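This is what each chain is made of:
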There are 2 protein chains.
Amino acid sequence: MRQFIVSGHDVPTTPDFSLSDLAGGAGRLDVLCRCVSSAFFLSHAIREDVRAYLVLADEFTLRFEGRELRRLNPDERSTAALVRNALEEREEAIGHMEVEASPGVYLSRRGFEPILERAAEDGTVVQLHEDGDPVVEVEPPEDPVFVLSDHHDFTVHEADLLDERADARVRLGPERLHANHAITVAHNWLDTEGYRRY
Amino acid sequence: MRQFIVSGHDVPTTPDFSLSDLAGGAGRLDVLCRCVSSAFFLSHAIREDVRAYLVLADEFTLRFEGRELRRLNPDERSTAALVRNALEEREEAIGHMEVEASPGVYLSRRGFEPILERAAEDGTVVQLHEDGDPVVEVEPPEDPVFVLSDHHDFTVHEADLLDERADARVRLGPERLHANHAITVAHNWLDTEGYRRY
């Protein structure tokens, strides 16, 4: 399974935001929505063997489960609506217990650290880093976990946790990419088994 | 220069659409907006040496010019607003003459064929095709022109024109990708000079 964790530092943790102002009032929730779209969509298909976590302000986390998703569309607004609907259930998310807000979308009261630990149990944590090894020199792991940040850098605490947990440190190219673009490139690297299978 | 042409078959050619219904009433304009974002955005930078054409229902075309863009943001809604603003000027676009609607965004009354011809004058037309050569076996051209379709396949006429004009026919991987994801993968191929420079 391919897992992606995206940390959204400024996004809301309550449902009182406008779907018409994702890039402003909703703390760049648009960035996270694009990440979900990149994680799951193929042309006319959903990548079933994918799990994506959106960490909301280090306080709540949404888990999107490819095999179970039913109402996901590739546009930002409809994904943001799924996030908002899930946040309507926030009082149901007690401790680390998840609540299923819509098919394949789960909300829990967990921040970055427990999510990274949870994902790392099932996979190989791949850190994307400008000083990492060129991705072509690395064997694609069976069950990779990619960890990404929104329009901000990781916090010092997040970066420290990642340094500690990362099994590999790679760079995807000479340019610094948006998180959603990095997800697309990572998928292509995995789809082609390291640019060998077309 | 890298050029991208994206054909939007159902998108509006008049400005009377809602920014809150891009994936529905606006004929999947959301797809084209994501393509613009993929074509131009790096983390905290714009790719200046890029030109993107959005062909609107084979009737109008918007040209986005990387070096001149000032008001582009990565979210779908704000890009759609640029498209809508440009369409407010549609009566000013006479014959093949362009009108500049906002910095770096030009509207003209041209369909797919003249745009493909125009782009081909300055570059190597690369057709993305599932029966194409694996992209790793192809030398990245100096001035590539990638031609993509929205959520529909190319029309028969478009496909015939492309077959005729294409200098190379490549596939980016074993999976069929959304147009915006294909743009991201194509950029990464070019950025890395065919997965050799990291």
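Residues numbered from 1 in each chain as written. Chains lettered and ligands numbered in written order. Predicted model: local features only at pLDDT ≥ 70, side-chain atom pairs only at ≥ 80, totals over all residues. Heavy atoms only, no water.

## Some words on the overall build of chain A
From N to C terminus, chain A includes 5 helices and 10 strands. Against the compact-globule benchmark of 16 Å for 198 residues, chain A has a radius of gyration of 16 Å, which places it among compact chains. Considering only C-alpha atoms, chain A reaches an extent of 45 × 40 × 30 Å along its principal axes. Taken across its 198 residues, chain A has 59% of its residues classed as buried. Contacts spanning at least 24 positions in sequence make up 68% of the contacts within chain A whose residues lie at least 6 apart. Accessible area for chain A stands at about 7,900 Å²; split by element, carbon and sulfur atoms hold 41% of it. Between the averaged position of the 21 positive side-chain charges in chain A and that of its 39 negative side-chain charges there is a distance of 5 Å. (Helix = DSSP H or I, 4+ residues; strand = E, 2+ residues; numbered from the N terminus. Rg over C-alpha atoms; globule rule 2.2 N^0.38 Å. Buried < 20%, exposed > 50% of the residue type's maximum accessible area, 1.4 Å probe, protein only. Contact = heavy atoms within 4.5 Å. Areas by Shrake-Rupley, 256 points an atom, 1.4 Å probe, with all protein chains shown as cover. Lys, Arg positive; Asp, Glu negative; His and termini not counted. Charge placed at Lys NZ, Arg CZ, Asp CG, Glu CD.)

## Some details on the interface of chain B and chain A
Facing 37 residues of chain B, the contacting portion of chain A comprises 37 residues. Between chain B and chain A, roughly 3,300 Å² of surface is buried when both sides are summed, and carbon and sulfur atoms account for 60% of that area. Taken as a group, Pro 174, His 181 and Tyr 198 of chain B account for 20% of the area that chain B buries against chain A, more than any other trio of residues on that side. Our enumeration of links across chain B and chain A arrives at 0 salt bridges. There are 11 residue pairs in polar contact (both at pLDDT 80 or more) connecting chain B and chain A. Going through the elements one at a time, α1 (29-40), β2 (41-42), α2 (76-87) and α5 (179-191) of chain B are the ones with two or more residues in the side of chain B that touches chain A. By residue number, the principal contributor to the side of chain B that touches chain A is α5 of chain B, which donates 5 residues. (Buried area = accessible area lost by both parts, 1.4 Å probe. Salt bridge = Lys/Arg side-chain N within 4 Å of Asp/Glu carboxyl O. Polar contact = N/O pair within 3.5 Å; in protein donor to acceptor, adjacent residues only side chain to side chain.)

## What about the relation of the copies chain B and chain A?
Between the two copies, chain B and chain A, the superposition gives an RMSD of 0.0 Å; the rotation angle is 180 degrees and the shift along the axis is 0.0 Å. As the rotation angle and translation indicate, the two copies are arranged about a two-fold axis. If distances are taken from each C-alpha of chain B to the rotation axis, the shortest is found for Val 185 of chain B, at 2.9 Å. The share of interface residues of chain B whose copies in chain A are also at the interface is 100%, consistent with both copies meeting through the same surface. (Least-squares fit on C-alpha atoms with pLDDT ≥ 70 in both.)

## Comments concerning the sheet that holds strand β1 (residues 2-8) of chain B
Residues and elements named next belong to chain B. Strand order in the open sheet formed by 8 strands is β6-β7-β5-β4-β1-β9-β8-β10, and the pairing between neighbours is mixed. Each end of this open sheet is capped by a strand with a single partner; those strands are β6 (99-102) and β10 (168-171). Strand-to-strand, the axes of this sheet are offset by a mean angle of 30 degrees, without reference to chain direction. Taken together, the 5 bridges between strand β8 (residues 124-134) and β10 define a ladder with parallel strand orientation. Bridged to Asp 133 within β10 is Val 170. (Pairing = 2+ DSSP bridges. Axes fitted to C-alpha atoms, helices over the stretch in contact; angles between N-to-C directions.)

## Thoughts on the packing of aromatic side chains
Enumeration over the complete set of coordinates arrives at 7 aromatic pairs over all chains. For the ring pair Phe 112 of chain A and Phe 154 of chain A, a centre distance of 6.2 Å and an interplane angle of 55 degrees mean the geometry is tilted. In this pair, Phe 112 of chain A is assigned in helix α3 (residues 112-122) and Phe 154 of chain A in the loop between β9 (144-149) and α4 (156-165), connecting sequence segments 42 residues apart. Residue class for Phe 112 of chain A comes out buried when judged on its relative accessible area of 1%. A relative accessible area of 23% means that Phe 154 of chain A is categorised as partly exposed. Between Phe 146 of chain B and Trp 189 of chain B, the aromatic rings sit 6.5 Å apart at their centres with planes inclined by 75 degrees, giving edge-to-face as the arrangement. You can see Phe 146 of chain B sitting in strand β9 (residues 144-149) and its partner Trp 189 of chain B sitting in helix α5, a full 43 residues away along the chain. (Phe/Tyr/Trp six-rings, centres within 6.5 Å; stacked < 30°, edge-to-face > 60°.)

## A short note on the sheet that holds strand β7 (residues 105-108) of chain A
Residue and element names in this part refer to chain A. Strand order across the open sheet formed by 8 strands is β6-β7-β5-β4-β1-β9-β8-β10, with mixed pairing between neighbours. With one partner strand each, in any of the chains shown, β6 (99-102) and β10 (168-171) form the two edges of the open sheet. Looking at each pair of strands side by side, their axes are set apart by 30 degrees on average, direction ignored. Pairing geometry for strand β1 (residues 2-8) and strand β4 (residues 50-56), over 7 bridges, is parallel. Bridging from a neighbouring strand, Gln 3 pairs with Arg 51 of β4. Sitting on the sheet, helix α1 (residues 29-40) is in contact with β1, β4 and β5 (60-65), with an inclination near 170 degrees to β4. Most of the contacts of helix α5 (residues 179-191) go to β9, to which it runs at about 165 degrees, and overall it touches β1, β4, β8 (124-134) and β9.

## Some remarks on the environment of Ala 159 of chain B
All names here are of chain B. Note that Ala 159 resides in helix α4 (residues 156-165). With a relative accessible area of 26%, Ala 159 lands in the partly exposed category. For the pair formed by Ala 159 and Gln 127, sequence separation is 32 residues and the distance between their alpha carbons is 9.7 Å.

## Observations concerning the pairing of strand β7 (residues 105-108) of chain B
Two faces belong to every sheet, and in a regular strand the side chains alternate between them. Residue and element names in this part refer to chain B. Every second residue of β7 is oriented toward a common face, with Val 105 and Leu 107 on one face and Tyr 106 and Ser 108 on the other, all of them buried. Sheet topology places strand β5 (residues 60-65) next to β7; 4 bridges connect them, and they run antiparallel. From the neighbouring strand, Arg 63 faces β7, where its bridge partner is Tyr 106. Hairpin geometry of β6 and β7 is characterised by an intervening segment of 2 residues between the two adjacent antiparallel strands and by a positive phi of about 80 degrees at Gly 104.

## Overview of the packing of α1 of chain B against α5 of chain B
Residues and elements named next belong to chain B. Their axes nearest at 8 Å, the elements α1 and α5 cross at an angle of 10 degrees. Our classification of the angle between α1 and α5 gives roughly parallel. Across the interface between the two elements, Arg 34, Cys 35, Ser 38 and Ala 39 of α1 pack against Ala 179, Asn 180, Ile 183, Thr 184 and His 187 of α5. Taken together, the residues of the contact of α1 with α5 break down into 4 nonpolar, 4 polar and 1 charged. (Parallel < 35°, antiparallel > 145°, perpendicular 65-115°, else oblique. Nonpolar A, V, L, I, M, F, W, Y, C, P; charged D, E, K, R; others polar.)

Function cannot be inferred from these measures alone, as they are strictly geometric.
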